[in-house]
Amino acid sequence: MADTTDNTATGGVTSAPRKSSWKYIGPGIVVAATGVGAGDLVATLIAGSNFGYTLLWAAVIGCLVKISLAEAAGRWHLATGRTLFDGWASLGRWTTWFFVVYVVIWGFAYGAAAMSSSALPLQALFPDVMDLEWWAILCGLSGLVFVWFNKYAVFEKVMTVLVGVMFVVTVYLAIRVTPNLPEAFAGLLPVLPDEKDSILNTLGLIGGVGGTITLAAYGYWVNAKGWTDAGWMRIMRLDNRVAYATTGIFVIAMLFVGAELLHSANIAIASGDKGLIQLGGILEDEYGPATAKFFLIGFFATSYTSLIGVWHGVSLMFADFVARYQKKGAVKGEEVASGARERSWPFRAYLLWLTFPPIVLLFQGQPFRLIILYGVLGAAFLPFLAATLVWLLNSSRTPREWRNGMVSNAMLVIAGLLFLVLCVKQIWDQNWADFF
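Because the structure is a prediction, the values reported are computed rather than measured.

Now for the overall build of the protein chain. When helices and strands are tallied, the protein chain shows 20 helices and zero strands. A total of 436 residues make up the protein chain; the buried ones form 57% of that total. Looking at the protein chain alone, contacts between residues at least 24 apart form 84% of all its contacts between residues at least 6 apart. Summed over its atoms, the accessible surface of the protein chain is roughly 17800 Å², and 65% of this surface lies on carbon and sulfur atoms.

As structure tokens, this is what we get:
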């Protein structure tokens, strides 16, 4: 226990400190920044505009559910010294096929979506500079260059700065609209809106708070930080709680904005990223151009952190998949912590996949079949993650000391059932006539 320093600057593996300390926090900030994209903010904004403060409790539960998933992923990495993909592979070949199909199709569609989302606020801030497609390409290429040439330590610092921008902007907006605090506290009571499909809308809000595959990537960021054994467990858990407390602040702040600025004035906005552009116009009319531009800067920070977070985290997962396939054996956390993954050809190959093929979609639009597959695979990933974590963390693959307790099992089962319902709904809602 002699060495208690952070290792991200050197890329070596260090011993865990004797006590938890805020100075070690890092991967949680990264997963919070990556998981909360523009889509999460606009979904919460629309919930506030439609139902006021009624569903505030659902946003809080969404954070608690995601805490349990990320904690379980991190606990697997630290308790076993093995990566999550290695755990999946031990469950059978079907997990490998699911992962491969998922990351190929999902990455292709997500690359275009992330670039477009980051480009929207830039075009709104600088409308006469270039078209949206070229802003999107610039965002994608800048993310590629940044992740390609920087290791985790620099990546974490930049993400922390961008999270700071997101935090200041969202909290400022929440204060600016003067929230009705008694009504907000009343919104913590679990009450459903008296409207059609209120249960599904509520479940959608719970499930949409803070990340999908980035929850699985959390364990890889934990290893990249240099946390590779169970000695870091307490710090990982503190880090994870910080992540979703931060996420909770983001989404609650946007729900305040929706409830006060939109719901009270009966203003409707579009779903998707363009809803945030509409909000920028509403803020300009209500509070002036300075507030609108400040919001657009926060919008860009939100979108761009999701872009570079996925570029880094999912590329780490893909590199782990290839390394295990080549070695035909377990991949250790120390190998991820060394920084070798970030310099490997699979890591950089997936970076290129996320960046260049999706550029075609920016100019041609996303084909119906790809959209349907993207939606179905995306909806299926979280039930897959919850179910496999329950399996892994209740089996002999995990040391007895770190297996699931009653609370962990309950939270993961609830998460799995929640996301299974949302998955079925997503599949049901797809326009399969376009697919065939």
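Moving on: the packing of aromatic side chains. A ring pair, where both rings are aromatic, is described by two values, the distance of the centres and the angle of the planes. In this structure the tally under the stated criterion is 28 aromatic pairs. Note on F85 and F321: the rings are 5.2 Å apart at their centroids and 75 degrees apart in plane angle, and the pair reads as edge-to-face. One end of the pair, F85, is in helix α4 (residues 84-90); the other, F321, is in helix α13 (residues 289-327), and 236 residues separate them in sequence. Relative accessible area serves as the criterion here: at 13%, F321 is assigned to the buried category. On the basis of an interplanar angle of 50 degrees and a centroid distance of 5.9 Å, the ring pair of F381 and F384 is categorised as tilted. Placement of both F381 and F384 in helix α18 (residues 368-393) is noted, with a separation of three residues, approximately one turn of the helix. Of the two residues examined, F381 and F384, each falls in the buried class.

So, about the pattern of salt bridges. In total, this model carries five salt bridges according to the counting rule given. Residues R82 and D86 are paired through a salt bridge, measuring 2.4 Å at the closest nitrogen-oxygen approach. The shortest N-O distance in the salt bridge between R324 and D86 comes to 2.7 Å. With R324 in helix α13 and D86 in helix α4, the pair connects residues that are 238 residues apart, well separated along the chain. Taking the relative accessible area as the measure of exposure, D86 reaches 1% and is therefore buried. Here the salt bridges share partners, and the residues they tie into one network are E71, R75 and R237.

What follows is about the nonpolar core. With 135 residues, the main nonpolar core has L69, W88, W311, F381 and L385 as its most contacted residues. In terms of residue count, the dominant contributor to this core is α13 (16 residues). Dropping the residues within four chain positions of it, W311 is found in contact with Y110, G111, A114, G140, G143, L144, V147, L351, L354 and T355. Y53, L56, A174 and F256 belong to the second-largest nonpolar core, a separate cluster that totals eight residues.

A few words on unusual backbone geometry. Generally, phi is negative for residues other than glycine and the peptide bonds are trans, each holding for most cases. If you check the backbone angles, T178 has positive phi at about 55 degrees while not being a glycine. In this fold, T178 is placed in the loop between α7 (152-176) and α8 (181-186).

Taken together, the side chains of V413, L417, L420 and V424 define a hydrophobic patch exposed on the protein surface, amounting to about 350 Å² of accessible area. Mapped onto the elements of the fold, V413 is located in helix α19 (residues 406-429). On the accessibility criterion, V413 (42% relative accessible area) is partly exposed.

Once that is clear, we can look at the environment of T170. Within the secondary structure, T170 sits in helix α7. C-alpha separation for the pair T170 and F256, spaced 86 residues apart in sequence, amounts to 9.8 Å. When near neighbours in sequence (up to four residues on either side) are disregarded, T170 contacts F250, A253 and M254. Of the polar contacts made by the side chain of T170, one reaches the backbone oxygen of F167; its length is 3.2 Å.

By the secondary structure assignment, T96 is in helix α5 (residues 93-125). The class for T96 is partly exposed, based on a relative accessible area of 22%. In this structure, the C-alpha to C-alpha distance between T96 and Y325, residues 229 residues apart in sequence, is 9.6 Å. Sequence-distant contacts of T96, that is, excluding residues within four places in its chain, are made with F85 and F321.

Turning to the side chain of S68, a few remarks are in order. In this structure, S68 sits in helix α3 (residues 56-80). Setting aside its immediate chain neighbours within four residues, S68 contacts M411 and L412.

This paragraph deals with the environment of W88. Relative to the assigned elements, W88 resides in helix α4. You can call W88 buried: its relative accessible area is 0%. In the structure, W88 is positioned 297 residues away from L385 in sequence and 9.3 Å away in space, judged by C-alpha atoms.

Below, the discussion takes up α3. The first and last C-alpha atoms of α3 sit 37 Å apart over 25 residues, in line with the 36 Å expected at 1.5 Å per residue. Once α3 ends, the next one or two residues include G81, with phi positive near 70 degrees.

Per-residue pLDDT for the protein chain averages 86, and the proportion of residues at 70 or more is 89%. Contacts from residues 1-13, a stretch scored under 50 in pLDDT, to residues over four places away or in other chains number 30 contacts.

Criteria and thresholds
Residues numbered from 1 in each chain as written. Predicted model: local features only at pLDDT ≥ 70, side-chain atom pairs only at ≥ 80, totals over all residues. Heavy atoms only, no water. Helix = DSSP H or I, 4+ residues; strand = E, 2+ residues; numbered from the N terminus. Buried < 20%, exposed > 50% of the residue type's maximum accessible area, 1.4 Å probe, protein only. Contact = heavy atoms within 4.5 Å. Areas by Shrake-Rupley, 256 points an atom, 1.4 Å probe, with all protein chains shown as cover. Phe/Tyr/Trp six-rings, centres within 6.5 Å; stacked < 30°, edge-to-face > 60°. Salt bridge = Lys/Arg side-chain N within 4 Å of Asp/Glu carboxyl O. Core = buried A, V, L, I, M, F, W, Y, C linked by side-chain atoms within 4.5 Å. Patch = residues over 30% accessible without salt bridge, like charges linked within 9 Å, V, L, I, M, F, W, Y side chains within 5 Å. Polar contact = N/O pair within 3.5 Å; in protein donor to acceptor, adjacent residues only side chain to side chain. Expected span 1.5 Å × (residues − 1). pLDDT = per-residue confidence, 0-100.

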